[in-house]
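# Coordinate analysis (summary)
What follows is the residue order along each chain.
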Amino acid sequence: MLTTDLKLNSDHVNIVECHDVSLTRNTNEVLCEASCCIPRNSLTFIVGENGTGKSSLALTILGLLPGSDGLICLHSQSSREPVLGYVPQSIDFPKQFKLTVSEYLQYSAEVKSSEIEATLERVDFPLNHIASQITQLSGGQVQKLLLAAELYRKPDVLFLDEPLANVDDSSEKHIIDVILEIRNQGVTIAIITHDWNMVSNYADHVICLNKNFACTSTSACFCKNSLSKVNIKNIQKVTPDPEHMHDGFCYIENI
Amino acid sequence: MFSISFMQRAFIGCFLLSITYGLYGMFIIPRKIGFMADGISHASLLGIAVGLSIGINPLMPALILAAFLGFLLAYSADSHRVTSDGLIGIFLSGGMSGAIIIMAFMPGYKPDLFSYLFGNLLSIQNVDIYALIAFTVFSIIGFMLQWRALVISTIHLDLSKVINLPTTQSKYFLFIGMSIGLILGVKLLGVILISALLITPVMTANQIATSFKGTFITTQLIGVFASFVGIALSYSLDLPPGPTIALLLVAIFVLSLLQSKLSS
């Protein structure tokens, strides 16, 4: 059974640690003894091909999936439990709700009416859409709204699942800039993605999930499967020992 | 009309039902389980038939059955093995079949049964109004406590859990509360068409309102208006109240749809 250990008033360099976390869903082994860390104040990417368990790892840390084994440590610098934030890959807002932008903020994050504008300005959301229904927004605007709501809750760690999935090309850079700014404000961010370009351009740390992963040296790791080969260069540290072929998970630091 | 005691009870009953059904309908429709209202109300016919056959208040076994079915639906809502709509279909067919079989063994003409199927203005007693008042108060308090959890869990279940909202509690409140509410309205509106008051006001409000708050207010107004006018028409034209109110709601919905199409 998966256990969660909460450490308060901790100055540990990592805010989240996973030790041998396993997860089985419908008799399928999704995660197998996954060990990785999310360093504090970092922009960490959880990457891998489709079906490798990226979202499942994040959802297990968030407590939304019941891991079958292992330990998750949460290190809080204060005397309270760390606040975990989550922006799903997509939300199918019910058309029948007719929720407006301001109403969503009030319900999801209990944002006061007087603070709505400031909350939206933090993610550069166009204020002329405050009274618009969410179903009328573009993908990028919805993503910013979801970010704004989660940020208001002052998360210690914010998980973003494929934040660019529903965003058009012209808005991608904008969203990335917002995410980087949030990281610079001291929020630890964990992004789940299969976009290796994003990883190579912005990552502080990478958790790579790939069932066909093979590390041949410390200078380059090959993620090898039947569909593609991806080089990750300038690796400073790889866990476990890169000299050995292995299946499973690799924690790559400082790309 | 307004000075007659049974009409006063009918108006009060309809007012209370409109308020509570408007609240439950706000969340049943976006969750795409409007069929649940039909399933529960039709299945409850089994409880009514049992009550009539053994000579007790038929609403008592119907209430127990409805609450149990509501609990089962809440329990299975997140299940991957059994879908909610499939389960509702099973409840509906099983309940109605059982009721018809029981009634087949009941000798003679069954006037009470017709009343429960389509409603009867004369059937509402003071005790029914007291029960509706208690249920309305329970529902309003419950919704005040669960509102945020219901809104967010309807939008995205995982998000509501991350925010630590009482998601499971709110789900059981919604399903079981709605099931009980449907039975409490059966005497006035009937088993067959009671779901119309739960579903149609929200659907109509969706055509008109431009915000969540607006949808809520419009739902309440439409429900109260349609039920009041329907009761009055039912009395004036000697029609069963359930179908009269249902038809009026459908007409209002069609008008709102036309208005929505024309304005867009």
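Residues numbered from 1 in each chain as written. Chains lettered and ligands numbered in written order. Predicted model: local features only at pLDDT ≥ 70, side-chain atom pairs only at ≥ 80, totals over all residues.

### A closer look at the overall build of chain A
Stated precisely, the cut-off is as follows: Numbered from the N terminus, helices here are DSSP runs of H or I no shorter than four residues, and strands are runs of E no shorter than two. Between the buried cut of 20 or more and the exposed cut of 12 or fewer other C-beta atoms within 10 Å of a residue's own C-beta lies the partly exposed class, and all C-beta atoms are placed from the backbone.
Looking only at helices and strands, one finds six helices and 14 strands in chain A. Considering chain A as a whole, with its 255 residues, one finds that 42% of them fall into the buried category.

### Details of the overall build of chain B
Which entries qualify depends on this criterion: Atoms considered for the radius of gyration are the C-alpha atoms alone. The globule rule reads 2.2 Å times the number of residues to the power 0.38.
Broken down by element type, chain B carries 13 helices and zero strands. Listed by position from the N terminus, the elements making up chain B come as α-α-α-α-α-α-α-α-α-α-α-α-α. For chain B, whose C-alpha radius of gyration is 18 Å, the value lies close to the compact-globule estimate of 18 Å for 264 residues. Buried residues in chain B amount to 49% of all 264 residues.

### Examining the sheet that holds strand S5 (residues 69-75) of chain A
In sheet architecture, strand pairing relies on hydrogen bonds along the backbone and comes in two forms, parallel and antiparallel. Residue and element names in this part refer to chain A. We count it as follows: Following DSSP output, two strands are said to pair if at least two bridges run between them. Lines fitted to C-alpha atoms define the axes, with helix axes restricted to the stretch in contact, and inter-axis angles between N-to-C directions lie between 0 and 180 degrees.
One open sheet holds the four strands; their spatial order is S1-S5-S2-S3, and the pairing between them is mixed. With partners counted over all chains shown, the strands left at the sheet margins are strand S1 (3-7) and strand S3 (28-39), one partner each. Sheet twist, expressed as the average angle between the axes of neighbouring strands with direction ignored, equals 15°. In terms of strand pairing, strand S2 (residues 14-25) meets S5 through five bridges, oriented antiparallel.

### A few points about the environment of Val178(A)
Residue and element names in this part refer to chain A. For clarity, the cut-off: A pair of residues counts as a contact when their C-beta atoms, built from backbone coordinates, are within 7 Å of each other.
In this fold, Val-178 is placed in helix H5 (residues 169-184). Taking the C-alpha atoms as reference, Val-178 lies 20 Å from Pro-39; in sequence the two are 139 residues apart. Those residues in contact with Val-178 that lie beyond four places of it in its chain are Val-123, Asp-124, Lys-144 and Leu-147.

### Side note on the environment of Gly25(B)
All names here are of chain B. Mapped onto the fold, Gly-25 is located in helix H1 (residues 5-28). Given 27 C-beta atoms within 10 Å, Gly-25 falls into the buried group. Here the alpha-carbon distance between Gly-25 and Leu-174, two residues 149 residues apart in the chain, equals 9.7 Å. Residue contacts for Gly-25: discarding those within four places in its chain leaves Leu-198, Ile-199, Pro-201, Val-202 and Thr-219.

### Here we look at the interface of chain B and chain A
Stated precisely, the cut-off is as follows: In this classification, the charged set is Asp, Glu, Lys and Arg, the nonpolar set is Ala, Val, Leu, Ile, Met, Phe, Trp, Tyr, Cys and Pro, and all remaining amino acids, among them Gly, are polar.
Residue-level contacts link 21 residues of chain B with 17 residues of chain A. When residues of the side of chain B that touches chain A are assigned to their parent elements, the largest contribution, five residues, is made by helix H7 (residues 126-155) of chain B. Partitioning the side of chain B that touches chain A into residue classes produces 10 nonpolar, seven polar and four charged.

### A short note on the domain arrangement of chain A
Accessible area lost during the coming together of the parts is what is often quoted as the interface size. Residue and element names in this part refer to chain A. Selection criterion: Throughout the structure description, domain borders are defined by an automatic or database domain assignment.
You can read the domains of chain A as domain 1 (3-83 + 155-253) and domain 2 (91-154). On the side of domain 2, 11 residues touch domain 1, which itself brings 12 residues to the contact. Split into classes, the residues belonging to the side of domain 1 that touches domain 2 amount to eight nonpolar, three polar and one charged.

### Some points on unusual backbone geometry
All names here are of chain A. Of note, Asn-41 is a non-glycine position whose phi angle comes to about 60°, a positive value. Residue position: Asn-41 is located in the loop between S3 and strand S4 (43-48). A positive phi angle, near 60°, is found at Asp-124, a position not held by glycine. Counting through the fold element by element, Asp-124 comes out in the loop between helix H3 (116-121) and helix H4 (139-152).

### Some words on the packing of helix H3 (residues 45-54) of chain B against helix H5 (residues 84-104) of chain B
Helix packing geometry: the angle between the two helix axes and the distance between the axes. Residue and element names in this part refer to chain B. This is how the line gets drawn: Reported orientations rely on four angle classes, namely roughly parallel under 35 degrees, roughly antiparallel over 145, roughly perpendicular from 65 to 115, and oblique for the rest. Working rule for handedness: look at the near helix, and if it is turned counterclockwise from the far one by less than a right angle, call the crossing left-handed; if clockwise, right-handed.
Look at H3 against H5: their axes get within 7 Å of each other, and the N-to-C directions meet at 20°. Between H3 and H5, the angle falls in the class roughly parallel. At the point where H3 passes H5, the crossing takes the left-handed sense. Within the contact between the two elements, H3 uses Leu-45, Leu-46, Ile-48, Ala-49, Val-50 and Ser-53 and H5 uses Gly-95, Met-96, Gly-98, Ala-99, Ile-102 and Met-103. Of the residues in the contact of H3 with H5, the class split is nine nonpolar, three polar and no charged.

### Things to note about helix H4 (residues 59-76) of chain B
All names here are of chain B. Using the following cut-off: Expected span of a helix: the number of residues minus one, times 1.5 Å.
Taking 1.5 Å as the rise per residue, H4 with 18 residues should run 26 Å; its terminal C-alpha atoms sit 25 Å apart, in good agreement. When we look at burial in H4, the residues that qualify are Leu-59, Pro-61, Ala-62, Leu-63, Leu-65, Ala-66, Leu-69, Gly-70, Leu-73 and Ala-74. The inward-facing, buried residues of H4 abut helix H2 (35-43), H3, H5, helix H9 (167-184) and helix H10 (186-189).

### Focus on helix H1 (residues 54-61) of chain A
All names here are of chain A. Most of H1 is tucked away: seven of the eight residues are buried. Listed as buried for H1 are Lys-54, Ser-56, Leu-57, Ala-58, Leu-59, Thr-60 and Ile-61. The positive-phi residue at the C-terminal boundary of H1 is Gly-63, with phi of around 85°.

### Some points on the nonpolar core
We count it as follows: When buried Ala, Val, Leu, Ile, Met, Phe, Trp, Tyr and Cys residues are joined through C-beta atoms within 7 Å, the set is termed a nonpolar core.
Counting residues in hydrophobic clusters, the biggest one holds 144 residues, and the most contacted among them are Ile46(A), Leu145(A), Ala148(A), Ala66(B), Ile183(B) and Leu197(B). With 11 residues, the top contributor of residues to this core is H1(B). If you count residues domain by domain, this core takes at least three from each of domain 1 (3-83 + 155-253) and domain 2 (91-154) of chain A. Contact partners of Ala66(B), with chain neighbours within four places excluded, come to Ile40(B), Ser44(B), Ser179(B), Ile180(B), Leu182(B) and Ile183(B).

### Description of the pairing of S3(A)
Residue and element names in this part refer to chain A. Both S2 and S3 contribute to a ladder of eight bridges, which runs antiparallel. Note that in S3 the partner of Val-16 across the bridge is Ile-38. Hairpin connection from S2 to S3: two residues lie between these consecutive antiparallel strands, with Asn-26 at a positive phi of about 50°.

### What about the confidence of the model for chain A?
As a reminder, the rule being used: Confidence scores labelled pLDDT are given residue by residue by the predictor and lie between 0 and 100.
Of all residues in chain A, 82% attain a pLDDT of 70 or more, and the chain-wide mean is 80. Note on residues 224-229 of chain A: pLDDT under 50 across the span, and seven contacts to partners over four residues away in sequence or across chains.

### Examining the packing of H2(B) against H4(B)
Residue and element names in this part refer to chain B. Contact pair H2 / H4: the axes reach a minimum separation of 9 Å and the direction vectors enclose 145°. Between H2 and H4 lies a crossing of right-handed hand. Here H2 contributes Met-36, Ile-40 and Ala-43 to the contact with H4, which in turn contributes Leu-65, Ala-66, Leu-69, Gly-70 and Leu-73. Partitioned by chemical class, the residues of the contact of H2 with H4 number seven nonpolar, one polar and no charged.

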